[in-house]
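Inside the fold
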Amino acid sequence: MDSQLQVYNTLTRQKEVFKPINPPLVGMYVCGPTVYSDVHLGNCRTFVSFDLIYRYLQHLGYKVRYVRNITDAGHLEGDRDEGDDKFTKKAKLEQLEPMEIVQKYTLGFHEVMRLFNTLPPNIEPSATGHITEQIEMVKQIIDSGLAYEVNGTVYFEVEKYSKDQNYTILTNRELDDLLANTRELGGQDDKKGRLDFALWIKAKPEHLMRWPSPWGWGFPGWHIECSAMSKKYLGDTFDIHGGGLDLAATHHTNEIAQSQACNHAEPAKYWMHTNMLTVNGTRMSKSAGNGFLPFELFTGDHPLLSRAYSPMTVRFFMLQAHYRSTLDFSNEALEASDKGFKRLMSAVHLLDKLPVAGSSDYNVQDLSKRCYAAMNDDFNSPVLIAELFEAVRVINSVYDGKSKLDQGSLDQLQQLMKAMVFDVLGLQSEEKSEGDLTAIMDLLIRLRDEAKAKQDYATSDQIRMSLQELGIQLKDSKSGTTWDKI
Ligand SMILES: [Zn+2]
């Protein structure tokens, strides 16, 4: 390999040569999902992107500790410090215990991640499992003089912090602009400054998720969990902190401030952010009606989708865009990815059937260098995929007898293709084993049961009919639903 891995660092706004703090060890923290509803596709893109990054770092020989949290407490509506806790709100709606909601959507999230063939993180800590660490961190920030308590709520004092530190280091915005664009303090809070944010929030009497603290019963602010858990598992300063681009301006900005105030050290050396999703050119959002969920893509059950797309087609489609570019969903683009993915996988299957010649008319070594150069250029998966299609052309040409490869070149090509397609891009053959199909059917039957429980018979019928068209018959009985291939 001739090139060195370069990583785009949001902190410095440029690509930098990747130099871990303690090679070959790499510590990577990625902000995980808030488990109060189904994981949305934008989040899936972030986790597929960091799966690519995790896989490639491991492929290069780094020993990575990948930590991705589960936010299961304290995330307020609108990311502000007022409003209902999302878990309590949802619990009231569905008449469930908050931890029942957490369990349901954590399981659903893991199921979707497995279908996308993402590797599980090494540690998946939850906010509710780390209340002690969060309280300890808040205490230390108060001791450092950068936080204050008012009526059981603790706030971080942004303007005081800004006297010695650059609060907007991540986004490079002017503090004065931020102040000018933030609303006046309302009567509903006791903040000293309008940019101050809550580290610990006093629980109202009806609040279900609450813990005792030195400031009375309450719950942690959203940002503190990531600072506390990354410190616990990766240390005061670690290599990579990642997440969606939408987290940079507030969540990550506040994480840096909290960690600096507590540890007197920058939390992460490289900050990496994945870009957002659009649908037919406009930003994907639930309110605009153009946001679909992963399982809606897998079943095709959404007005904007002309058919179902498999998890691997969607993964391949996501990897065809660079993680820092926006990714636009359309039926045409997904259709093209489906064809491309099938072409690539057919060529991989042909690799073991190619004839061996006495000489080669293709330089596999050069192809290998170009593949690594693409990935070393800030994990440029679309360029890598373009190089792999060059290999597809060669494989098909050798199979048709129009080109030739000697034994050494063939071995090299097999090794390269399998490493890049399976280990780095994390793609899987779509020829489903019975085990895969069982897991997918379990998911669909669960979704249909949920639709029926909500009296959404249009959706439950649609799932049954669509499966029938695919040759799968559902049978309902008192003991539940079973399925059979027709
Ligand atoms: Zn976070």
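All of the points below concern the structure found in this document. (Residues numbered from 1 in each chain as written. Predicted model: local features only at pLDDT ≥ 70, side-chain atom pairs only at ≥ 80, totals over all residues. Heavy atoms only, no water.)

1. Here's the deal with the sheet that holds strand β11 (residues 277-279)
Pairing is mixed across the open sheet formed by three strands, whose spatial order is β12-β11-β13. Every other strand in the sheet has two partners, leaving β12 (282-283) and β13 (327-329) as the edge strands with one partner each. Across three bridges, β11 lies against β13 in parallel orientation. In the strand pairing of β13, T278 is matched with D328. (Pairing = 2+ DSSP bridges. Helix = DSSP H or I, 4+ residues; strand = E, 2+ residues; numbered from the N terminus.)

2. Topic: the coordination of the zinc ion
The zinc ion binds to the protein through C31 (SG), C226 (SG) and H251 (NE2); the donor distances cover 2.0 to 2.1 Å. Along the chain, the residues donating to the zinc ion are arranged with the sequence spacing C-x194-C-x24-H. Remark: H251 occurs in helix α8 (residues 248-263) and C226 occurs in helix α7 (residues 222-234); sequence separation between them is 25 residues. Classification of C226 as buried rests on a relative accessible area of 1%. Look at H251 and you get buried, because its relative accessible area is 1%. (Donors = N, O, S within 2.8 Å, 3.2 Å for Na, K, Ca; no water. Buried < 20%, exposed > 50% of the residue type's maximum accessible area, 1.4 Å probe, protein only.)

3. With respect to the packing of helix α12 (residues 364-376) against helix α14 (residues 407-424)
Two elements in contact, α12 and α14, have axes whose closest approach is 9 Å; the angle formed by their N-to-C orientations is 20°. Classified by the interaxial angle, the pair formed by α12 and α14 is roughly parallel. Relative to α14, the crossing made by α12 is left-handed. Across from V364, Q365, L367, S368, C371, Y372 and M375 in α12, the residues of α14 making contact are S409, Q412, L413, L416, M420 and V424. (Axes fitted to C-alpha atoms, helices over the stretch in contact; angles between N-to-C directions. Parallel < 35°, antiparallel > 145°, perpendicular 65-115°, else oblique. Left-handed = near helix turned anticlockwise from the far one by under 90°. Contact = heavy atoms within 4.5 Å.)

4. What to know about helix α4 (residues 131-143)
An ideal rise of 1.5 Å per residue puts 18 Å on 13 residues; α4 measures up with 18 Å between its terminal C-alpha atoms. Among the residues making up α4, those that are buried are I131, Q134, I135, M137, V138 and I141. End-on, the buried residues of α4 take up no more than an arc of 160°, which puts them together on one face. Of the exposed residues in α4, the ones pointing more than 90 degrees away from its buried face are T132 and D143. Where α4 is buried, its residues contact β5 (147-150), β6 (153-156), β7 (197-202), β8 (218-220), α7 and α8. G145 occupies a position one or two residues after α4 and carries a positive phi of about 85°. (Expected span 1.5 Å × (residues − 1). Arc of directions from axis to C-beta.)

5. Things to note about the pairing of strand β10 (residues 268-274)
Burial runs high along β10: six of the seven residues are buried. Where strand β9 (residues 238-244) lies against β10, six bridges are found, and the strand directions are parallel. By the bridge assignment for β10, G243 is matched with H273. The parallel pair β9 and β10, bridged by α8, forms a crossover whose chirality is right-handed. (Right-handed = clockwise from strand over helix to strand, strands pointing away.)

6. Some points on the packing of helix α1 (residues 41-59) against α12
Here α1 crosses α12 at 125°, and the two axes come no closer than 11 Å. By the angle between their directions, the pair α1 and α12 is classed as oblique. Our pair here, α1 against α12, has a crossing hand that is left-handed. Residues L52, Y56 and H59 of α1 pack against Y372, M375 and N376 of α12.

7. Some words on the environment of T153
Looking at where T153 falls in the secondary structure, it is placed in strand β6. For T153 and L199, which are 46 residues apart along the polypeptide, the C-alpha to C-alpha distance reads 7.7 Å. When neighbours within four sequence positions are excluded, T153 is seen to be in contact with Y148, A198, W200, I201 and K202.

8. Some remarks on helix α10 (residues 311-319)
Counting buried residues in α10 gives nine out of nine residues, a clear majority hidden from the surface. For α10, the set of buried residues is P311, M312, T313, V314, R315, F316, F317, M318 and L319. Taken together, the buried residues of α10 touch α1, α3 (98-115), α9 (294-299), β13, α11 (331-350) and α13 (381-399).

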